[in-house]
Amino acid sequence: MHRSSESVAALATALAKAQGELVNPEKSLIATIRTDRGNEIDRTFRYAPLSSGLDIIRKTLGRHEIATVQTTAIDQATGTVNLTTVLAHASGEWIASDWPVCSLSDTATPRRMGAALTYARRYALFTLVGIAGEDDIDAPDLNDNADPASQGSETLPKPNGVERHTVAGHSRKPYRTKQILNAEKSAALRDQLLYELAGLATSADGTGWAKNILHAKNTLTQEDAQRVEKAFESKFAEIGEVAADDNSKPKAFPRTKNSSGSRRRRGAVRAIDKSKLLFGEPRRYRNKAHLKFVASQCCLICGRQPSDAHHLRFAQHRALGRKVSDEFT
């Protein structure tokens, strides 16, 4: 909702001249909107911080005798904190707009309220003077032409690790920002990750390593990040082939007790490969590392992580008390 003085002729004239000189601030930060649904991907957009926009607006509007004022007030009727942004001209004419910031209960957490207030100040001020402070997140080719090496980041306060902004009683999805390294630092970090990757020996080591370096990998340039991802996929496939060969090796039966209770050692008996019988049966491989890796992924139904690894019972013929092979999870 906007309000204004009875006449805005002088203000409109001065604002029209100022808008001819205004330029959009540089979108130097990157924000990622996380999604809790497994069938949706995270959305990333670039935006300009409030400080860079204020520098441009103050200098340009000041030359045309226009001042900006932003005040807050508490609306007891609706239980919300409201922001009022005013453009005031030297002639006494003014125009103002109101923006709901957050619910009154959020004042108990100053960091959360401060983050929501910064968000509201940026949107309200940029809208009122007619400049854009962020990319259109509906654009399909959002980051195709972006230069990650020239972008920075701004870390917002995140109580309990995730920040949720509540505007006018509606909860926004959590988002985090990430910093993209320059080309030299990205190459150094890439070489370090590739060196660590080469020393991995098991699938469990690979899964744990991937989780630990995920944040660091996200700071690489797009080209370096793709090189690390491809190297990890190749390494994991190599580890999986070795594990499959080890599981296919015949194993000796354990020692047993006879009826009198005394122990006796049996000769090593090779396991029968039933897949080579006349009426063959499919082999049922067991691989705990693979089950752990599957469980670490997002659920295909609800998107939760970690998830339960389910065996596809229709993938192999039924057997009494035996699940299908672990490869069918």
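This text gives an overview of the structure that appears in the document. (Residues numbered from 1 in each chain as written. Predicted model: local features only at pLDDT ≥ 70, side-chain atom pairs only at ≥ 80, totals over all residues. Heavy atoms only, no water.)

### Describing the overall build of the chain
When you go through the chain residue by residue, the secondary structure sums to eight helices and 11 strands. In the chain, the share of contacts with a sequence separation of at least 24, taken over all contacts with a separation of at least 6, comes to 59%. Summed over all atoms, the accessible surface of the chain reaches about 21400 Å², with 53% contributed by carbon and sulfur. (Helix = DSSP H or I, 4+ residues; strand = E, 2+ residues; numbered from the N terminus. Contact = heavy atoms within 4.5 Å. Areas by Shrake-Rupley, 256 points an atom, 1.4 Å probe, with all protein chains shown as cover.)

### Details of unusual backbone geometry
Going from Gln-305 to Pro-306, the amide bond is cis rather than trans, its omega being 0 degrees. You can see Pro-306 is positioned in the segment after α8 (288–295).

### Examining the packing of aromatic side chains
Overall, the coordinates contain three aromatic pairs when judged by the stated rule. Measuring from centroid to centroid gives 6.1 Å for Trp-209 and Phe-232, while their planes differ by 25 degrees, and the two rings are stacked. You can see Trp-209 sitting in helix α5 (residues 203–212) and its partner Phe-232 sitting in helix α7 (residues 222–248), a full 23 residues away along the chain. Look at Trp-209 and you get buried, because its relative accessible area is 9%. Overall, Phe-232 belongs to the buried group, its relative accessible area being 18%. (Phe/Tyr/Trp six-rings, centres within 6.5 Å; stacked < 30°, edge-to-face > 60°. Buried < 20%, exposed > 50% of the residue type's maximum accessible area, 1.4 Å probe, protein only.)

### Details of the nonpolar core
In this structure, Ile-57, Leu-61, Ile-66, Leu-87, Leu-125, Val-129 and Ile-131 are the most contacted members of the largest nonpolar core, which totals 16 residues. Among all residues touching Ile-131, those that are not within four sequence positions of it are Leu-22, Val-23, Asn-24, Pro-25, Ile-57 and Phe-126. Counting 12 residues, the second largest nonpolar core, distinct from the first, contains Leu-197, Trp-209, Leu-220 and Phe-232. (Core = buried A, V, L, I, M, F, W, Y, C linked by side-chain atoms within 4.5 Å.)

### Comments concerning the environment of Leu-87
As for its placement among the helices and strands, Leu-87 is situated in strand β5 (residues 80–89). Through-space distance from the C-alpha of Leu-87 to that of Val-129 is 8.5 Å; in sequence the pair is 42 residues apart. Setting aside its immediate chain neighbours within four residues, Leu-87 contacts Leu-11, Leu-15, Leu-61, Ile-66, Ala-67, Thr-68, Glu-93, Trp-94, Ile-95, Leu-128 and Val-129.

### Remarks on the pairing of strand β6 (residues 94–103)
Note that β5 and β6 share nine bridges and pair antiparallel. The partner of Thr-84 across the bridge, within β6, is Asp-98. Counted along the chain from β5 to the antiparallel partner β6, the turn is four residues long, and its residue Gly-92 has a positive phi close to 100 degrees. (Pairing = 2+ DSSP bridges.)

### Focus: the pattern of salt bridges
Taken as a whole and judged by the stated rule, the model has six salt bridges. Between Arg-3 and Asp-98 there is a salt bridge; the shortest N-O distance is 3.2 Å. Of this pair, Arg-3 sits in strand β1 (residues 2–4) while Asp-98 sits in strand β6, and the two are 95 residues apart along the sequence. Using a relative accessible area of 35% as the deciding quantity, one classes Arg-3 as partly exposed. With relative accessibility at 24%, the residue Asp-98 sits in the partly exposed group. In this structure, Lys-217 and Glu-229 form a salt bridge, with 2.7 Å as the shortest nitrogen-oxygen distance. Within this pair, whereas Lys-217 is found in helix α6 (residues 214–217), its partner Glu-229 is found in helix α7, the two being separated by 12 residues in sequence. The exposure class of Glu-229 is partly exposed, given its relative accessible area of 35%. Among the charged side chains, a network of salt bridges with common partners joins Arg-190, Asp-191 and Asp-224. (Salt bridge = Lys/Arg side-chain N within 4 Å of Asp/Glu carboxyl O.)

### With respect to the side chain of Thr-219
Looking at the element boundaries, Thr-219 is found in the loop between α6 and α7. For Thr-219, a relative accessible area of 11% translates into the label buried. A polar side-chain atom of Thr-219 sits 2.5 Å from the main-chain carbonyl oxygen of Ala-216. Once you skip the residues sitting within four places of it in the chain, Thr-219 turns out to touch Gln-179, Ile-180, Leu-181 and Leu-189. (Polar contact = N/O pair within 3.5 Å; in protein donor to acceptor, adjacent residues only side chain to side chain.)

### Notes on the packing of helix α2 (residues 50–63) against helix α3 (residues 110–129)
Between α2 and α3, whose axes approach to 10 Å, the crossing angle comes to 35 degrees. In the packing of α2 onto α3, the handedness of the crossing is left-handed. Contacts between α2 and α3 involve Leu-50, Gly-53, Leu-54, Ile-57 and Leu-61 from the former and Thr-118, Arg-121, Arg-122, Leu-125, Phe-126 and Val-129 from the latter. A per-class count over the contact of α2 with α3 returns seven nonpolar, two polar and two charged. (Axes fitted to C-alpha atoms, helices over the stretch in contact; angles between N-to-C directions. Left-handed = near helix turned anticlockwise from the far one by under 90°. Nonpolar A, V, L, I, M, F, W, Y, C, P; charged D, E, K, R; others polar.)

By themselves, these observations are geometric and do not establish any function.
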